Amino acid sequence: MKERVYLGDWAYNAGIVGFIEIMLDGEDITSQNIITVGPNYIEFDRNSLQGFSDKFFKKAYQRYPRTDKLINSGNKLLQKLKNNEFDKNLKQEVSNFKKEVDGFSKLKQLADKCNTALPKNFSNDEAKQYVTQIIGLLNENKQEFIENDVKTYMATISSIYGQKSFLQRSVTTGLKNRFYNDFEAPIIKQTNKQDEHHTCIFCGLRPAKKDALLDTGLVSFLGANKDNKNFFWNFKPQLPICEICELIYFCIFAGLTEFRIGQTKKFYFVDRNTSVLELYQTNKLFMEMMSREENILKEKGILNFINDYLLLKLKEKSKFRLANIMFIEIDLTSSVTPKLYGFSITKQKAEFINSNFDVFKKITGTFIKFKDNNIYPFSEFMQKFMNNTLSFQFLSFLEGQYLSSQKPNSKINTNISPYRLQMYNILTYKYLKSIKRGGELMDEKWLWKMYFFGQELKKKFLTSKAENKITSLAYRLISALRIGDVNTFMNLVIRTYMSYNMEVPALFVSCINDRDDFWALGYSFVNGLLGSEKDEKVENSEEVVGNE
């Protein structure tokens, strides 16, 4: 008997992606014949679920392979004990290994039962004996430990599953068999009793499974939970669900991309309503990229990566509109409502990103760190770009934060440089002038020309031993730019140039009558004034730096 499952809300879609991932077990979705993939649905035969319990536990264990990790670390430690000098560092490694064992409650219980212990002041031989015995216990009882690891992993995302099936606290052995009896076997054999009075509220296609109710044990953040039970008849927050939808929801974990930030583990899902194939492939790519870029992500923050990923997709499909892309961030260890980040890119913006892709890449990964807070400017920039609220005020804010970070004993730390500020300036100007206002852009070389004028003035300050004037002038220029005060800005520039008997560049005069040009050229000058030899290398051709 075939069953059809249609796309739904983001959590249900994550379940569909997870179900496909578990069922295919590594097979390519475009060449497999296990699941029929339609435009907005999947279809499968109930008999194809044979072996599903094995695949389910295999996929979950891949997320938390504690048993194998402990066996591997034990074997490595054993080799060190046999080949290396038994010094204090090696003793510490043995102590750390014991801590891992003690933290593995089921293993600790078995070790105590078998009188496997490590003496307080252990010798090399005692350490080798202890590690060998622990490895032996793990191998002898590996399947039981693996199933326990799966339960432990599932317990960390309890806001999805609660106390369903083998996750009940009273169930301590035969976990996979319990899952088989609760899900796989009755679905294949069609032995689940049906609710004669209710249809599944999620698919609307199948009768609800008798006594299978969506409550706090399954996806509590979707609306049916103990916190809103007063909205339900007789205060029972329970909703009828069919056996197929129940299984789909149980597969959510395999559709989510897992990422740890510090001590917090969060999960992400990319929701797209275009097609099942697009939904699956997008999330598969997202999982692969997250895994590959893990070390970079720790520095850049998750939102920066999301935007990097989006840029790559836009570059691939820059001629098309990318609509209704939703990134969902979930902290499954808490009851906090999932955060949603929505993106809908017009063809014009997609082409803008494609044509300026190299500039966008140079500002990814920027951060501003305060004592208790971090800001990721690229993420903020992209949000403003997408919702049409980007302006030079955001650039003014970044300029101010950079200057503050340069003060002695500043509590602000940032990797933004004047060169990167110039990248933000260029993109802001191009967006405002060409996309938002539909005007004609001036040649980008004029922005760089003004940047180098600023650098020339800085050199004059340095040779005149007036370095302290640089920051003071920059603050006043930025203040004038922030409020669009052309007169004050020009007076500051003219007085400064005259005090050093320097000719005021004629390029300043050309921007007086156009506010966007004025802001772009003005910030270019300030960025050059603040620039240093540590900035990223800028191609300094004669054509760009020549004075007018």
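Use the structure listed above.
These notes cover the structure that comes with them. (Residues numbered from 1 in each chain as written. Predicted model: local features only at pLDDT ≥ 70, side-chain atom pairs only at ≥ 80, totals over all residues. Heavy atoms only, no water.)

1. Points about the overall build of the protein
For the protein, the helix and strand inventory stands at 24 helices and 14 strands. Put simply, the protein has 548 residues, and 51% of those count as buried. Within the protein, contacts between residues at least 6 apart in sequence are counted, and of these 71% link residues at least 24 apart. Accessible surface, the protein as shown: approximately 27000 Å² in total, 47% of it carbon and sulfur. (Helix = DSSP H or I, 4+ residues; strand = E, 2+ residues; numbered from the N terminus. Buried < 20%, exposed > 50% of the residue type's maximum accessible area, 1.4 Å probe, protein only. Contact = heavy atoms within 4.5 Å. Areas by Shrake-Rupley, 256 points an atom, 1.4 Å probe, with all protein chains shown as cover.)

2. Observations regarding the packing of helix α18 (residues 392–405) against helix α23 (residues 515–530)
Following both chains from N to C, one finds α18 and α23 inclined at 15°, their axes separated by 12 Å at the closest point. For the element pair α18 / α23, the angle class is roughly parallel. When the axes of α18 and α23 are compared, the crossing they make is left-handed. Together, F392, L395, S396, E399, Y402 and L403 of α18 and D516, W519, A520, Y523, V526, N527 and L530 of α23 make up the contact between the two elements. Class assignment of the residues belonging to the contact of α18 with α23 gives a composition of 9 nonpolar, 2 polar and 2 charged. (Axes fitted to C-alpha atoms, helices over the stretch in contact; angles between N-to-C directions. Parallel < 35°, antiparallel > 145°, perpendicular 65-115°, else oblique. Left-handed = near helix turned anticlockwise from the far one by under 90°. Nonpolar A, V, L, I, M, F, W, Y, C, P; charged D, E, K, R; others polar.)

3. A short note on the packing of aromatic side chains
Taken as a whole, this structure holds 39 aromatic pairs when the rule is applied. Ring geometry for F52 versus F56: centroids 6.2 Å apart, planes at 40°, classification tilted. With F52 and F56 both in helix α2 (residues 52–63), this residue pair falls 4 residues apart, about one helical turn. Here the aromatic rings of F392 and Y523 are separated by 5.9 Å at their centres, their planes lie at 15°, and the arrangement is stacked. With F392 in helix α18 and Y523 in helix α23, this pair connects stretches of sequence that are 131 residues apart. For the residue pair F392 and Y523, the accessibility class agrees, reading buried in each case. Three or more aromatic residues joined by ring pairs make a cluster, and in this case those are F19, F44, F52, F56, F57, Y153, F166, F179, F183, F250 and F253. A cation sits over an aromatic face here: R4 above Y41, 3.8 Å from the ring centre. Above the face of the F385 ring, K349 is positioned so that its terminal group lies 5.4 Å from the ring centre. (Phe/Tyr/Trp six-rings, centres within 6.5 Å; stacked < 30°, edge-to-face > 60°. Lys NZ or Arg CZ within 6 Å of the ring centre and 35° of its normal.)

4. Regarding the pattern of salt bridges
All chains considered together, the criterion is met by 22 salt bridges. When the shortest N-O distance is used, the salt bridge between D54 and K176 registers 2.8 Å. Of this pair, D54 sits in helix α2 while K176 is found in helix α9 (residues 175–189), placing the two residues 122 residues apart along the sequence. Residue classification places K176 among the buried residues on the basis of a relative accessible area of 19%. A salt bridge links K433 to D514; the nearest nitrogen and oxygen atoms lie 3.4 Å apart. Here K433 is found in helix α19 (residues 418–436), whereas its partner D514 is found in the loop between α22 (486–499) and α23, with 81 residues between them in sequence. Using a relative accessible area of 8% as the deciding quantity, one classes K433 as buried. Since its relative accessible area comes to 25%, D514 is described here as partly exposed. Among the charged side chains, a salt-bridge network with shared partners connects E3, R46, R206 and E243. (Salt bridge = Lys/Arg side-chain N within 4 Å of Asp/Glu carboxyl O.)

Keep in mind these numbers describe shape, not what the thing actually does.
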